[in-house]
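Results of the structural survey
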Amino acid sequence: EISPKYNIKSELVNRLSRDFYPDMTCIVIQQKGNITSIGARNQTGSVSMNDLLIQSTKNVPGASGGGHIQAAGASVPNKKKWIEYVKKNIAESIII
């Protein structure tokens, strides 16, 4: 979870996934203003990032998500309960 001055989520999750953890699922969460953005990457395609984020944000009012099998993004309202809810859903979905 990061709160940088500039929007670096996409670049960070791309670099982590491509250069450091190509066999793993990488998730970066960035809070900015009223929105929390989530970037998800899995270079192997073994886990659908699109499905992961859609399912993880499904019951969150005002949330949206989508993308591709290897790369997807989502936005949720910047409220602690929704961020924790989505993080829990993601963790439960990718544990093997």
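This text follows the structure it describes.
Residues numbered from 1 in each chain as written. Predicted model: local features only at pLDDT ≥ 70, side-chain atom pairs only at ≥ 80, totals over all residues. Heavy atoms only, no water.

Brief notes about the overall build of the protein
Selection rule: Helix and strand assignments come from DSSP, with helices taken as H or I runs of at least 4 residues and strands as E runs of at least 2, each series counted from the N terminus. Throughout, the radius of gyration refers to the C-alpha atoms, and the reference size of a globule is 2.2 Å times the residue count to the power 0.38. In this scheme, a residue with accessible area under 20% of its type's maximum is buried, one over 50% is exposed, and one in between is partly exposed, where area comes from a 1.4 Å probe on protein chains only. Areas reported as accessible are Shrake-Rupley estimates using a 1.4 Å probe. Residue values count occlusion only from the protein chains shown.
In terms of helices and strands, the protein carries three helices and four strands. For the protein, the N- to C-terminal ordering of α and β elements is α-β-β-α-β-β-α. Relative to its length of 96 residues, the protein is compact, with a C-alpha radius of gyration of 12 Å against a globular reference of 12 Å. Along the first, second and third principal axes, the C-alpha set of the protein runs to 30 × 30 × 20 Å. Within the protein, the fraction of its 96 residues that count as buried is 31%. Working note: accessible area of the protein is about 5,800 Å², and carbon and sulfur atoms make up 53% of it.

Here's the deal with a nonpolar patch on the surface
The condition is simple: The patch calculation keeps residues exceeding 30% relative accessible area without a salt bridge and links them within 9 Å when they carry like charges or within 5 Å when they are nonpolar (Val, Leu, Ile, Met, Phe, Trp, Tyr). Salt bridges, as used here, are contacts in which a Lys or Arg side-chain nitrogen is within 4 Å of a carboxyl oxygen on Asp or Glu.
On the surface, Phe-20, Tyr-21 and Met-24 cluster together to form a nonpolar patch covering roughly 340 Å² of accessible area. Tracing the backbone shows Phe-20 in helix 1 (residues 9–20). For Phe-20, a relative accessible area of 54% translates into the label exposed.

Thoughts on helix 3 (residues 80–94)
For clarity, the threshold we go by: Here a helix's expected span is defined as the number of its residues, less one, multiplied by 1.5 Å. Summarising the geometry, the arc corresponds to the directions from the helix axis toward the C-beta atoms. Residues are treated as being in contact if the distance between any of their heavy atoms lies within 4.5 Å.
Between its first and last C-alpha, helix 3 extends 21 Å over 15 residues, near the 21 Å set by a 1.5 Å rise per residue. Within the sequence span of helix 3, burial applies to Trp-82, Ile-83, Val-86, Asn-89 and Ile-90. An end-on view of helix 3 places all buried positions within 130° of arc, on one side of the element. Along helix 3, the residues that are exposed and aim more than 90 degrees away from the buried face are Lys-80 and Lys-81. For helix 3, the elements touching its buried residues are strand 1 (26–32), strand 2 (35–41), helix 2 (49–56) and strand 4 (71–77).

Topic: the packing of aromatic side chains
The condition that has to hold: The criterion for an aromatic pair is that two Phe, Tyr or Trp rings (for Trp, the six-membered ring) have centres within 6.5 Å, with stacked assigned to planes under 30 degrees apart, edge-to-face to planes over 60 apart and tilted to the rest.
The tally for this structure, following the rule as stated, stands at one aromatic pair. When the centroid spacing of 5.8 Å and the interplanar angle of 90° are considered together, the rings of Trp-82 and Tyr-85 count as edge-to-face. Residue Trp-82 and its partner Tyr-85 are both found in helix 3; the two are separated by three residues, about one turn of the helix. We classify Tyr-85 as partly exposed; its relative accessible area is 28%.

Describing the pattern of salt bridges
Per the stated rule, a full pass over the model turns up five salt bridges. Notably, a salt bridge pairs Asp-19 with Arg-15, separated by 2.7 Å at the nearest N-O pair. Placement of the pair is Asp-19 and Arg-15 together in helix 1, with a separation of four residues, close to one helical turn. A relative accessible area of 39% means that Asp-19 is categorised as partly exposed. Taking relative accessible area as the criterion, Arg-15 reaches 38% and is therefore assigned partly exposed. Measuring nitrogen to oxygen at the nearest pair gives 3.5 Å for the salt bridge that ties Glu-84 to Lys-87. Here Lys-87 and Glu-84 lie together in helix 3, a separation of three residues that amounts to about one turn. Residue Glu-84 is classed as partly exposed on the basis of its relative accessible area of 36%. A single salt-bridge network, built from bridges that share partners, covers Arg-15, Arg-18 and Asp-19.

Everything listed here is a matter of geometry and, on its own, says nothing about what the molecule does.
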